[in-house]
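So the chains spell out like this:
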Amino acid sequence: MAETLLEVKDLKVHFNTPDGVVKAVDGVSFSVDRGETLGVVGESGSGKSVTCLTALRLVNLETADVSGEVIFKGRDLLKLKNDELRKVRGKELAMVFQDPFACLHPLYRVGDQIVEAIRTHDDCGKDEAAKRGIELLAAVGIPRPAERFEDYPHQYSGGMRQRAMIAMALVHNPDLLIADEPTTALDVTVQAQILELIDKVKQDFNIGVILITHDLGVVSDVAQKVMVMYAGRPVEVGSRDEVFRQPLHPYTWGLLESIPRVDQKGTRLIPIAGAPPSLIRVPTGCPFHPRCPHRFEPCDKEEPELVDRGGGHPDACHLTIEDKKRLWDERESRRAGKVAS
Amino acid sequence: MSQVSTTQLEETRPADQGALLEVTNLVKHFPITQGIIFRKEVGRVHAVEDVTFSIKPGETLGLVGESGCGKSTTARLVMRLLDATSGSIRFDGKEITHTNRREMLPMRREMQMIFQDPYSSLNPRHTIGQIIGAPYSIHKTEGEQRKKVQELMDRVGLNPEHYNRYAHEFSGGQRQRIGVARALALRPKLIVCDEPVSALDVSIQAQILNLLEDLQEEFKLTYLFISHDLGVVRHVSDRIAVMYLGRIVELSGADTLYENPKHPYTTALLSAVPKGGVEKHLENRIVLAGDVPSPVDPPSGCVFHPRCPKARIVSGNEDEVPENCRNEMPPLDEIDRSHFAACWYPIEEGEKLHQAAHA
């Protein structure tokens, strides 16, 4: 049995704004084991980034309304004092952000920024820290690491900056790495390099990874477990094969069908009608019901719980498992028919 | 996207007669200068290098490549937003490479552009009516502007009652619809779409792609469609040109390109795309070493040779590439019927590259 690193229980993050309460995250529970990659997928505003920022306590608890538990290796991060938290953050729990252009200080050498990260938690000399920093740059595949250590961020390409960010996240051998859209700003060939690197790092260092992305393709490549989010809550959680072979939630179906595929001929795309809801006025009942083609009686009144309805993995949709299987098969064959014609 | 018959496709050459847009040997260099009073040129960014293609009426040509490969510069050259260093651009039979502003103005009715970023391409101080109506004001068309704009809004799926709203009141997808309506206002023949869906979420992206498809059919539009997303490009294009470091390295019918790529770069690019679903493609993935070289100082010979896995198979040595790859840029040759690739050692059908790349 793998060690559970992070367990999030019924996390809610609400922000008070002049326009009303933004329910950015509204009841999210999940766990990550050592040696496992959890992919969190959803569109902009689905709450995937806020969930992870809150897990690191990077949202201001004084302005945001946070409830629930974030248990990391037996401690609730939301209840830790600031100085205790500082010992965890960056050391046992590290994060890689989306934009490698904005996350490195342009006026400091990359090497100095890595040394700073090392010396924040380890009481070691500058030379030793530099030596470790160069080793790490080599470990993340930066050529001529000793020379590049002295470079400024603008001398790095996008892919190299993201590698440097990953190196910086790894300086203290963290147990859990959270990567928030690590490849969104990168080209596909570089994206392939970075995804391979994250996978390698996960195995070499035996850590857990949370990968936040809007790209289902990225998730299907590297994640073992997938959580699909919509309007601040998970709508489906399962292993990668379960979610891609037998998706249970109509939102997941919509996502899968609206992506033009590289490996299939152009057929008419089936978009999800409408647009994601405002998080200030989330629809009653199931938040997806206004856009769902399969809505019926209870959908606008009762919010479905995220439970296993016999489909093998939990989902939050009122349809029965028989209906889901039938509808998904129908949609698949309709799609296959279009491809053939 | 449109229905171009196979006979039409087979006759297509990289640049040929009867095309709506013909681009021949197009080159764009940006000078890098030093000094304030005495500016001297110290280098050049080779943004677009010897690009040749044509687009038939009603066709969609996809232009793919990674950032910095020159696809957007090509679009701007075609729109005459930039002046070409050399080469020729013919639109609807007329040479437009060096026409001046005044002569260009009536031509601009026929060619419009949809931009990538729906946030920065709409003036925040103008109402939607003003934004979509701007082409009518500039070109002083007859008839009642408001009515025309509202018809357009209705056509692209916006509520015509929102005529007096401002851009910030709309979501990303709706803003892109505004951009589409503006491009459509003068009923152009050619629309250059520069990454029109890259800033949108997937569910919205599909709506915009379907809209573009419908409009093409309804108004007999011709698209030059630029994107870095290979899935999107395959979906919309009849033919596709792949660019690398300012050059077209492969040009063919969309399905041919995806099923049977000839250039090693195309092969690597396709294999790098994460495929939604459970297909095990990771074993076949070619991860290219290194980064795209700088266009200021492009490699000698074939621009792809420093990263090319195929050249290393041919030489039989991981650190060596054949001499002609190092010394001479291969021309864009017709390898199969209407399938062009610029490679000395094109990929054979069924040939695999990934072992070499990982060795």
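Predicted, not measured: the structure shown is a model, and the values here were computed from it. (Residues numbered from 1 in each chain as written. Chains lettered and ligands numbered in written order. Predicted model: local features only at pLDDT ≥ 70, side-chain atom pairs only at ≥ 80, totals over all residues.)

Caption draft 1: Expanded view of the overall build of chain A. Counting secondary structure elements, chain A contains 11 helices and 10 strands. For 341 residues, the compact-globule estimate of 2.2 N^0.38 gives 20 Å, and chain A sits close to it at 21 Å. Every one of the 341 residues in chain A was classed for burial, and the buried ones make up 47%. Pairs at least 24 apart in sequence give 64% of the contacts found in chain A among residues at least 6 apart. (Helix = DSSP H or I, 4+ residues; strand = E, 2+ residues; numbered from the N terminus. Rg over C-alpha atoms; globule rule 2.2 N^0.38 Å. Buried ≥ 20, exposed ≤ 12 C-beta atoms within 10 Å, placed from the backbone. Contact = placed C-beta atoms within 7 Å.)

Caption draft 2: Local environment of the domain arrangement of chain A. Residues and elements named next belong to chain A. Segmenting chain A into domains produces domain 1 (1-81 + 174-341) and domain 2 (107-172). Distance between the C-alpha centres of domain 1 and domain 2: 32 Å. Each partner contributes residues to the interface: domain 1 has 11 residues there, and domain 2 has 10 residues. Among the elements that line the side of domain 1 that touches domain 2, the one with the most residues is helix α7 (residues 188-205), at 6 residues. A class-by-class count of the residues in the side of domain 1 that touches domain 2 yields 10 nonpolar, 1 polar and no charged. (Domains from an automatic or database assignment. Nonpolar A, V, L, I, M, F, W, Y, C, P; charged D, E, K, R; others polar.)

Caption draft 3: The interface of chain B and chain A, seen in detail. The partner chain A presents 38 residues to the 37 residues of chain B that form the contact. Listed by contribution, the elements that provide at least two residues to the side of chain B that touches chain A are α7 (202-219), α8 (230-236), α9 (254-259) and α10 (264-272) of chain B. At 8 residues, α7 of chain B tops the list of elements feeding residues into the side of chain B that touches chain A. Residues of the side of chain B that touches chain A, tallied by class, amount to 18 nonpolar, 12 polar and 7 charged.

Caption draft 4: Main features of the pairing of strand β1 (residues 4-17) of chain A. Residues and elements named next belong to chain A. Relative to strand β2 (residues 20-33), β1 runs antiparallel, the two being bridged by 11 bridges. The residue bridging Thr-17 from the neighbouring strand is Gly-20, located in β2. Inspection of the sheet shows β1 paired to strand β4 (residues 64-72) by 8 bridges, in the antiparallel sense. Bridging across to β4, Val-8 finds its partner in Val-70. (Pairing = 2+ DSSP bridges.)

Caption draft 5: Spatial organisation of the sheet that holds β4 of chain A. Residue and element names in this part refer to chain A. Read across the open sheet, the 4 strands follow the order β2-β1-β4-β5; overall the sheet is antiparallel. Bordering the open sheet on either side are β2 and β5 (75-76), each of which pairs with just one other strand. Helix α1 (residues 48-55) rests against β1, β2 and β4 of the sheet, and its axis sits at about 110° to β1. (Axes fitted to C-alpha atoms, helices over the stretch in contact; angles between N-to-C directions.)

Caption draft 6: Seen up close, the environment of Asp-238 of chain B. Mapped onto the elements of the fold, Asp-238 of chain B is located in the loop between α8 and β9 (239-244). Remark: the alpha-carbon pair of Asp-238 of chain B and Asn-210 of chain B, spanning 28 residues in sequence, is separated by 15 Å.

Caption draft 7: Spatial organisation of the domain arrangement of chain B. Residues and elements named next belong to chain B. With domains assigned, chain B is organised as domain 1 (6-124 + 187-252), domain 2 (125-186) and domain 3 (263-358). A separation of 24 Å is found between the C-alpha centroids of domain 1 and domain 3. Each side of the interface is counted separately: domain 1 has 24 residues, and domain 3 has 20 residues. Those elements that provide at least two residues to the side of domain 1 that touches domain 3 are α1 (6-11), β2 (40-55), α8, β9 and β10 (247-253). Ranked by residue count, the leading element in the side of domain 1 that touches domain 3 is β10, at 6 residues. Across the side of domain 1 that touches domain 3, the residue classes break down as 12 nonpolar, 8 polar and 4 charged.

Caption draft 8: Fine view of helix α4 (residues 126-139) of chain A. Residues and elements named next belong to chain A. The terminal C-alpha atoms of α4, which comprises 14 residues, lie 20 Å apart, in line with the 20 Å expected from a rise of 1.5 Å per residue. Of all the residues in α4, the buried ones are Ala-129, Gly-133, Ile-134, Leu-136 and Leu-137. Taken end-on, α4 shows its buried residues confined to a sector of 160°, consistent with a single buried face. Among the exposed residues of α4, those pointing more than 90 degrees away from its buried face are Asp-127 and Glu-135. Gly-141 sits one or two residues past α4 and shows a positive phi near 85°. (Expected span 1.5 Å × (residues − 1). Arc of directions from axis to C-beta.)

Caption draft 9: Main features of the pairing of strand β10 (residues 233-239) of chain A. Residue and element names in this part refer to chain A. Most of β10 sits out of view: 6 of its 7 residues are buried. Across 6 bridges, strand β9 (residues 225-230) lies against β10 in antiparallel orientation. Looking across to β10, one finds that Val-226 is bridged to Gly-238. Hairpin geometry of β9 and β10 is characterised by an intervening segment of 2 residues between the two adjacent antiparallel strands and by a positive phi of about 50° at Ala-231.

Caption draft 10: Summary view of the packing of helix α6 (residues 172-184) of chain B against α7 of chain B. All names here are of chain B. Two elements in contact, α6 and α7, have axes separated by 10 Å at closest approach and are oriented at 20°. With respect to α7, the axis of α6 lies roughly parallel. Regarding α6 and α7, the two cross each other, and that crossing is right-handed. Residues Gly-172, Gly-173, Gln-176, Val-180 and Leu-184 of α6 lie in contact with α7, whose contacting residues are Ile-204, Gln-207, Ile-208, Leu-211 and Leu-215. Its residues placed into classes, the contact of α6 with α7 shows 6 nonpolar, 4 polar and no charged. (Parallel < 35°, antiparallel > 145°, perpendicular 65-115°, else oblique. Left-handed = near helix turned anticlockwise from the far one by under 90°.)

Caption draft 11: A look at the nonpolar core. Counting residues in hydrophobic clusters, the biggest one holds 197 residues, and the most contacted among them are Ala-164 and Ile-210 of chain A together with Ala-181, Val-192, Leu-224 and Val-242 of chain B. With 8 residues, the top contributor of residues to this core is α7 of chain A. Beyond its immediate stretch of four places on either side in the chain, Ile-210 of chain A contacts Val-32, Leu-38, Val-40, Cys-52, Ile-178 and Ala-179 of chain A. (Core = buried A, V, L, I, M, F, W, Y, C linked by C-beta atoms within 7 Å.)

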